[in-house]
Amino acid sequence: MPSWPALISQAFNGLALGSLLALVSSGLTIILGTLGVLNFAHGALFAVGAYAAFVMLQYTHSFVLTVVVGCGFMLALGVLLERTIIRLFYNRPHEDQILVTYGIGIVLVECVRAIFGGNAQRVPTPSWGQGATQLGFLIYPTYRLQLIAIVAMLLLSLYLVLYRTSMGLVVRAGIENPGMVGILGINLRRTFLLVFAIGVVAVGLAGMLYAPVVAVTPDMGANFMAQSFVVIVLGGLGSFPGAVIGGLIAGEIISLTSAFNSSYSEVMLYALMALLLVLRPQGLFGSEGRV
Amino acid sequence: MKFDRRQLLLGGAGAAAGLMLPGAGALAQSPASIGTFPDGVSADSVFVGLTIPLTGVFSGDGGDLKLGYELAIAQINAGGEAAQKWGLSGKGVLGRQIRYKVSDTEGKPNLDVQSATQFIQRDKAIMLAGSVSSASAIALEELGSREKVLYMVGIAGSNDITGKNCQRYGFRSQQNAYMAAKALAPVVAKALGKNIKTAYLVPDYTYGHTVYDSFAKFSKEQGWQQVAKEVVPLGTTDYSSALLNIANSGADVFVNIAFGADAVASTKQAEQFGVLKRMKLVVPNLSSFQDKELGAEIMQGVYGSCDFWWTLQDRYPLAKTFVEAFVAQNKYHPRWGAHIGYMQTYLWALTVERAKTFHPVEVIKAMENSKSQPYDTTIGKVYFRAEDHQMVRPIPILRGKAPAEMKNPEDFYEIVDVADGESAMNPPEFFGCKLGPYT
Amino acid sequence: MKAVRSGEARKYLPELSVLVLLLAAPVALPHLGFSTDLLTRVLNWGLIGLGFDILFGLTGLLSFGQAAFFGVGGFVTAYLLVSGTLSSVWLALAAGTVAAGLFGLVVGWLAVRRIGIYFTMITLAFGQMAYFIENSPLSNYTGGENGIPGVPVPTLGFGEHAIRISAGLPMYALFAVIFFAGYVLARRIVHSPVGAILRAIKENTGRVAMLGHNVAAYKLTAFVIAALYAGLAGGLLGSFQSYMPPDAFSLETSGQLVVQTIVGGAGTLIGPLIGAAVWMWLRDNLQLIPAFATLWKLVLGIAFIVLVIGLRRGICGEIAHWWTERRDTAALRAAEAATLAIEASGDAVTITLASHARDIVLPLPAPKRSESRGESEIALEARSLARHYGGLKAVDGVSFKVRCGTIHAVIGPNGAGKSTLFKMLLDEVSPTSGDVLLFGTRITGSGVSQAAQLGIAKSNQLNQLFPNLSVRENLRIAALGRRRGPMRIDLLRSADSLPDAEQQVDSVLALLDLIERAETPAHILAYGEKRRLEIGMALATSPNVLLLDEPLAGMSPSERAATCALIRDIARACTIVIVEHDLNAIFGLAEQITVLYEGRLLADGPPDEIRRNRQVQDAYLGGLHAHEPA
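The structure displayed is predicted, hence computed values, not measured ones.

(A) Just the overall build of chain A, in detail. Counting secondary structure elements, chain A contains eleven helices and two strands. Listing each helix as α and each strand as β along chain A from the N terminus yields α-α-α-α-β-β-α-α-α-α-α-α-α. By the compact-globule yardstick of 19 Å for 291 residues, chain A fits well, its C-alpha radius of gyration being 19 Å. If you line up chain A on its principal axes, its C-alpha atoms span 60 × 50 × 35 Å. Buried positions account for 62% of the 291 residues belonging to chain A. Sequence separation of at least 24 residues holds for 77% of the intrachain contacts in chain A that already meet a minimum separation of 6. Carbon together with sulfur atoms contributes 69% to the accessible area of chain A, which is approximately 10500 Å² in total.

(B) Spotlight on helix H13 (residues 271-286) of chain C. Residue and element names in this part refer to chain C. With 16 residues, H13 extends 22 Å between its outermost C-alpha atoms, agreeing within 8% with the 22 Å of an ideal straight helix rising 1.5 Å per residue. Among the 16 residues of H13, twelve are classified as buried, and the element is accordingly described as predominantly covered. Restricting attention to buried positions, one finds in H13 the residues Gly-271, Pro-272, Leu-273, Gly-275, Ala-276, Ala-277, Trp-279, Met-280, Arg-283, Asp-284, Asn-285 and Leu-286.

(C) Structural detail: the state of the cysteines. All names here are of chain B. In this structure the tally under the stated criterion is one disulfide over all chains. For Cys-166, the disulfide goes to Cys-433, at an S-S distance of 2.1 Å. Handedness here is read from the sign of the S-S torsion; for Cys-166 and Cys-433, about 90°, the answer is right-handed. Here the residue Cys-166 occupies a position in the loop between strand E4 (150-153) and strand E5 (170-171), and Cys-433 occupies one in the segment after helix H17 (421-424), the gap between them amounting to 267 residues.

(D) Just the interface of chain C and chain A, in detail. Counting residues at the interface gives 36 residues for chain C and 41 residues for chain A. Between chain C and chain A, roughly 3500 Å² of surface is buried when both sides are summed, and carbon and sulfur atoms account for 81% of that area. Contact with chain A buries surface across chain C, with Ile-117, Tyr-118 and Met-121 of chain C losing the most and accounting together for 21% of the total. Joining chain C to chain A, the criterion identifies zero salt bridges. Where chain C packs against chain A, one counts five residue pairs in polar contact (both at pLDDT 80 or more). Among the elements of the structure, helix H6 (116-135), helix H12 (251-264) and helix H14 (296-310) of chain C are those that each provide at least two residues to the side of chain C that touches chain A. In terms of residue count, H6 of chain C provides more of the side of chain C that touches chain A than any other element does, eleven residues in total.

(E) A look at unusual backbone geometry. Note that the residue after Phe-37 of chain B, namely Pro-38 of chain B, is joined by a cis bond; omega there is 0°. In this fold, Pro-38 of chain B is placed in the loop between helix H2 (13-20) and strand E1 (45-52). A positive phi angle, near 55°, is found at Asp-513 of chain C, a position not held by glycine. Despite not being glycine, Glu-598 of chain C has its phi angle at roughly 45°, a positive value.

(F) Just the packing of aromatic side chains, in detail. This structure, assessed with the given rule, holds 50 aromatic pairs over all chains. Ring geometry for Tyr-51 of chain A and Phe-116 of chain A: centres 4.8 Å apart, planes at 35°, overall tilted. Here the residue Tyr-51 of chain A occupies a position in helix H2 (residues 42-60), and Phe-116 of chain A occupies one in helix H4 (residues 94-116), the gap between them amounting to 65 residues. With a relative accessible area of 2%, Tyr-51 of chain A lands in the buried category. Overall, the relative accessible area of 24% leaves Phe-116 of chain A in the partly exposed class. Centre to centre, the rings of Tyr-131 of chain C and Phe-132 of chain C are 5.3 Å apart; their planes meet at 70°, and the pair counts as edge-to-face. Pairwise contacts between aromatic rings join Trp-86, Phe-289, Phe-308, Phe-322, Phe-326, Tyr-332, Tyr-342 and Tyr-346 of chain B into one cluster.

Parameters and conventions
- Residues numbered from 1 in each chain as written.
- Chains lettered and ligands numbered in written order.
- Predicted model: local features only at pLDDT ≥ 70, side-chain atom pairs only at ≥ 80, totals over all residues.
- Heavy atoms only, no water.
- Helix = DSSP H or I, 4+ residues; strand = E, 2+ residues; numbered from the N terminus.
- Rg over C-alpha atoms; globule rule 2.2 N^0.38 Å.
- Buried < 20%, exposed > 50% of the residue type's maximum accessible area, 1.4 Å probe, protein only.
- Contact = heavy atoms within 4.5 Å.
- Areas by Shrake-Rupley, 256 points an atom, 1.4 Å probe, with all protein chains shown as cover.
- Expected span 1.5 Å × (residues − 1).
- Disulfide = S-S within 2.5 Å.
- Buried area = accessible area lost by both parts, 1.4 Å probe.
- Salt bridge = Lys/Arg side-chain N within 4 Å of Asp/Glu carboxyl O.
- Polar contact = N/O pair within 3.5 Å; in protein donor to acceptor, adjacent residues only side chain to side chain.
- Phe/Tyr/Trp six-rings, centres within 6.5 Å; stacked < 30°, edge-to-face > 60°.

Structure follows, in structure tokens:
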């Protein structure tokens, strides 16, 4: 049995880890909830975001500027993908959507590999995030502490866009009843384009912010994608608040399991996912049948 | 249809005998036809099949490994100065040019087997090489022994390759985990002290556990004491929860056993947790590009071992030839993956010339007899142990340089010691090796 | 005689084609860059694909966890052989296959309760769990990430005469034989009653349950079949390459199976095999093009996207579509023309239908009633039924009795709760409180399919047909529900080989006057025909009590008259409860009328009594007077 300080430390770490998982998953859930597309290119887009940060840092030498320019790039990529491919698939079966996004994922990852090679790239911690901070009995990386705040801000602004703007209203109405919104003469196509692009920016942003923490390799997204699936299932498929709560729960599971035995953290994660699907398939915040 | 052709060749005794060339006397006890021999030996060339991950998580190491093979093959085919220094004469091997193909295995053992089988069936490969994981190596050793085609192991450090999964048709040049740990522990203990508390980060797979077992054993002999052991799933991206436990363990030394991208992520995060400020980092098996991927800021002061480091060129002339040719061609300094590919190709070529035939049984026997006639290589004198096909070889022990100490952008390590291989070896039967039959 | 033989030949055309393909492949395909090794691997993928296609292509359940069963089959087989527990490869294969099937039973039991993406996610979760468990806690048995090397090849015969099936052509032959057997079996399953029901589940799950089939049990059957095929393929893989690879368990293996199946064409059985062949051929041969080198995967990815955009049905699906289109196009056009003609005139068919009253005797008997209490017994009884949605009380404490052999109508203005009440009568919706009794037996809580088995059927307000099945097949699913009970695993018999079920279908076809349209896909029918088929499906289950939810909705006057006549005919064989807005028709048909208003019972009595009821008149805001027959 681990000591109380160790458990409390892990609980805190779970929060930090969970907030990042929430950000990573939010893009997946926005696209799924609104467009009904389960985006299997999610992991690849995460990697593209991280590499965008890597490239931009070479030119700008400022992390903030890098993130801003990187978001612009992800937005453009999102628009390009939606206009050329995704829009052809709104009326096709789920399987086809999964398949085509799977293909997009392969292409993106291999493009990254072709340009940058297979080795990990170095994205240094921003100067303002160097070192570790003493929090009572626990030492924690400064950058990760800052990330908690940054992620909270980002998630809040995403929430505001999705729930407090007229575009958000259309988006959510579109989720509930796409036909009706169409009849009302609202331009759904433009809204869909915007939603897809926002989803891509969200996951790209997660990649950029995570880049100083993880190994930036072409295949870095695979594990994050699998975990994002768990997160959105925990929270309820397509539910934005669900993704946030799901992320936090997943973070806590990984962290608290680690307090006992780290090697079971992934098994526990999937076990909980299966359990939840059996007992409460709609997740904690979703309603079954929406997706 | 292929069967018919082979039958035809064997039936036409003259034609078959013509291919066998010298060394025919020894063939009295070996079958005239075995595996891809003699079908795979034409008058002017032989085929070598390389199964290498060019995509997937091992693609970085795979790319390096591939360049090593390609350099060696080009040098051998050209028959120039480099090949002569190794003791080869003429162009190619036994006068035959080496043809080769590279198949991308994506790091999946199943695809290693698939590609290698293609090479055997379609291209009549006389030798197989490649792979960047112990699993792939084990799979290919098994295949090689079944199909009676020689397999020169690529990057694979697990004890099993020349231990419980050893095979008659597989030979490994890289030191195993046991040797690395036994060679490394005394050197590190000498540098860091005897009364040391250690924290381990162990990736949860067979390789991770064997490296841990070996290093824990030999560091304990040095008086080190374990205070934390964090086992993490393979392919973990965020190590924060494990590192939190390590950071609070009060250890003096952090032994990181994670490999490849996992090593990069975990070490990077350890630095952010302040672990590297308070603990010395020891990496029993350094990953190929770990230095470059993490940077000297993080890697300074790290102790570790690996198959090869390019500044060995100051000690061994053949290493100098290798490094210079490699840098000239590829514009970076070779890592140990490239070295394994390079050395294994040469060792095979040398042995074929010693055996004077491509007949796999003869080549294997010549390799098994190499103790009496060691190879002179990029890392000095080496030989394959007959009992388990593990190479007995010197093991370089490295220490990461501080950025200020680096003489050029790739001067990441100083060579603290080159440990004698003979004394680091495990007893041949220690891991339960039973080599299979020759035929 | 000759015609019969050619019909037989056509029936077995797919089997023959596959046989020819398997025989020709090792001769012809090596010239195109397929080695026998590659062909054998393709067959192995095809073998998993047979089971997967039954689960996905036929039943419509997309699993992302097939690697778990592939892995279990493979590792159990390999472990038993390498550890020396079993010496016969065949026995080990059987054990591995059974183990995969049992694991499939457990996972499937949990998974089949979920639909759509939730089903996919649950299989993904179990697949990932299996992967991590194989890699770590069970690594002493599975070799962890190293896998299990040294799996022996199978032998034929015993002792000295045993023939080892070595790599190359002999191994291909073994795989080809197993694949062919697997294919023939899979075809039998597809054409069995179980297969017909699975196909119907993909088309309309809810309706299958209403017809008395235990949907969860059939889905589980499909799941276990898929797991068994995957387990067998896994076991063969280890033996084939003397090595059981750990990546058999990985998510990518499941993903690759899905990709190959959809590229090859889901629902064609052979699709996964073709998909695997294309995928692996591209993989192998793109690499050989020097210009592509490490870019081969990028090129493959692009090719793949183009393929997905272009081929909606997959390769085999498009071929099959083109083939049947060419063959059936005339019949289809004729059917569509007939539909147009019917919709234009509307009357021609239905008038003949309405012309005379008939006795309806269905070949399949209705279920025996639990007890007999004489002539005036109660067929159906609702006891203070209530259904609340949050604060909304859709139905609030409604009780009434339906006498046996009568036509009983339930009416009320919009939003009175009629449809919800109806759904509770056959347990399609479970009541918040209250009970429904069918001949004295409580059916509330037993589920809609059990209710159907007890003899209650419903035709829906909105058509719930199986749109891509023919009229005959639609009715057959209903007849099979009565004939076979809630669940039966008769995988080898043909779906149309139950004579009494076929007679039932023929009788109902005749009754509905749809004989000429028997082979027409349901979605092509004219609106009135679809409505008749909707009723016919309920009738084909030989119910004791038939619930009709707005059977006349959207019909032309002459169609209404015809349908009313049909209802009267049916009423001579079973009790009818009907909800309808057309009050003219209701007062002409019903012997007893229950009036609902805002979820509550307003009145219950014979038509004349209801007609005079002041409250009822008020409820309809005087509308009732306007509808009164002149």
